[in-house]
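Observations on the three-dimensional arrangement
Each chain, written out:
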Amino acid sequence: MGFSLCLKGRVYQSCVRNVMLYDSETWVVKEADFLRLEHNDMRMIRWICTVTLKYRNPSSELRERLGLDSICNWVRRSKLW
């Protein structure tokens, strides 16, 4: 018996993403940084959902299963302007 994907998504959001984006309010983020963050985030999300690239599931569908928003949107919302 495993944990639900929703619970895994909440744990991922509260532990992994918060560490990954620590102090991101003050970063100067370039497009290459966004791509690197998005790539790393999707790799972890696929691993949590036990889905490989050969299944060709859209990223939005996998994020929806876990109840997560895009990491780039998360960074943009948390910026200090």
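Residues numbered from 1 in each chain as written. Predicted model: local features only at pLDDT ≥ 70, side-chain atom pairs only at ≥ 80, totals over all residues. Heavy atoms only, no water.

Turning our eyes to something else, we now look at the side chain of Lys79. Mapping Lys79 onto the fold places it in the segment after helix 4 (71–78). For the buried Lys79, no salt bridge is present, and the opposite-charge side chain at shortest range is Glu25, 8.4 Å distant. Contact partners of Lys79, with chain neighbours within four places excluded, come to Ser24, Glu25, Thr26, Trp27, Val28 and Val29. (Helix = DSSP H or I, 4+ residues; strand = E, 2+ residues; numbered from the N terminus. Buried < 20%, exposed > 50% of the residue type's maximum accessible area, 1.4 Å probe, protein only. Lys, Arg positive; Asp, Glu negative; His and termini not counted. Salt bridge = Lys/Arg side-chain N within 4 Å of Asp/Glu carboxyl O. Contact = heavy atoms within 4.5 Å.)

What follows is about a nonpolar patch on the surface. Together, Phe3, Leu7 and Val11 line one region of the surface with nonpolar side chains, adding up to about 290 Å² of accessible area. Summarising the element assignment, Phe3 is placed in the segment before helix 1 (5–20). (Patch = residues over 30% accessible without salt bridge, like charges linked within 9 Å, V, L, I, M, F, W, Y side chains within 5 Å. Areas by Shrake-Rupley, 256 points an atom, 1.4 Å probe, with all protein chains shown as cover.)

We now examine the pattern of salt bridges. Per the counting criterion, the structure on display carries 5 salt bridges. Where Glu61 meets Arg65, a salt bridge forms, and the shortest distance between an N and an O atom there is 3.0 Å. Linking Glu61 with Arg65, this pair stays in helix 3 (residues 59–66), spanning 4 residues, or about one helical turn. Owing to a relative accessible area of 33%, Glu61 belongs among the partly exposed residues under this scheme. Salt-bridge contacts for Arg77 lead to Asp69; the nearest nitrogen and oxygen are separated by 2.8 Å. Judged by relative accessible area, which is 54%, Arg77 ranks as exposed. Classification of Asp69 by relative accessible area gives partly exposed; the value is 30%.

Between its first and last C-alpha, helix 2 (residues 31–49) extends 27 Å over 19 residues, near the 27 Å set by a 1.5 Å rise per residue. Of the residues making up helix 2, those classed as buried are Phe34, Leu37, Glu38, Asp41, Met42, Ile45, Arg46, Ile48 and Cys49. Looking straight down helix 2, one finds its buried side chains confined to an arc of 165°; they lie on one side. Among the exposed residues of helix 2, those pointing more than 90 degrees away from its buried face are Leu35, Arg36, Arg43 and Trp47. At its buried positions, helix 2 is contacted by helix 1, helix 3 and helix 4. A positive backbone phi angle near 55° is found at Thr50, which sits one or two residues after helix 2. (Expected span 1.5 Å × (residues − 1). Arc of directions from axis to C-beta.)

Any link to function would need more than the numbers given here.
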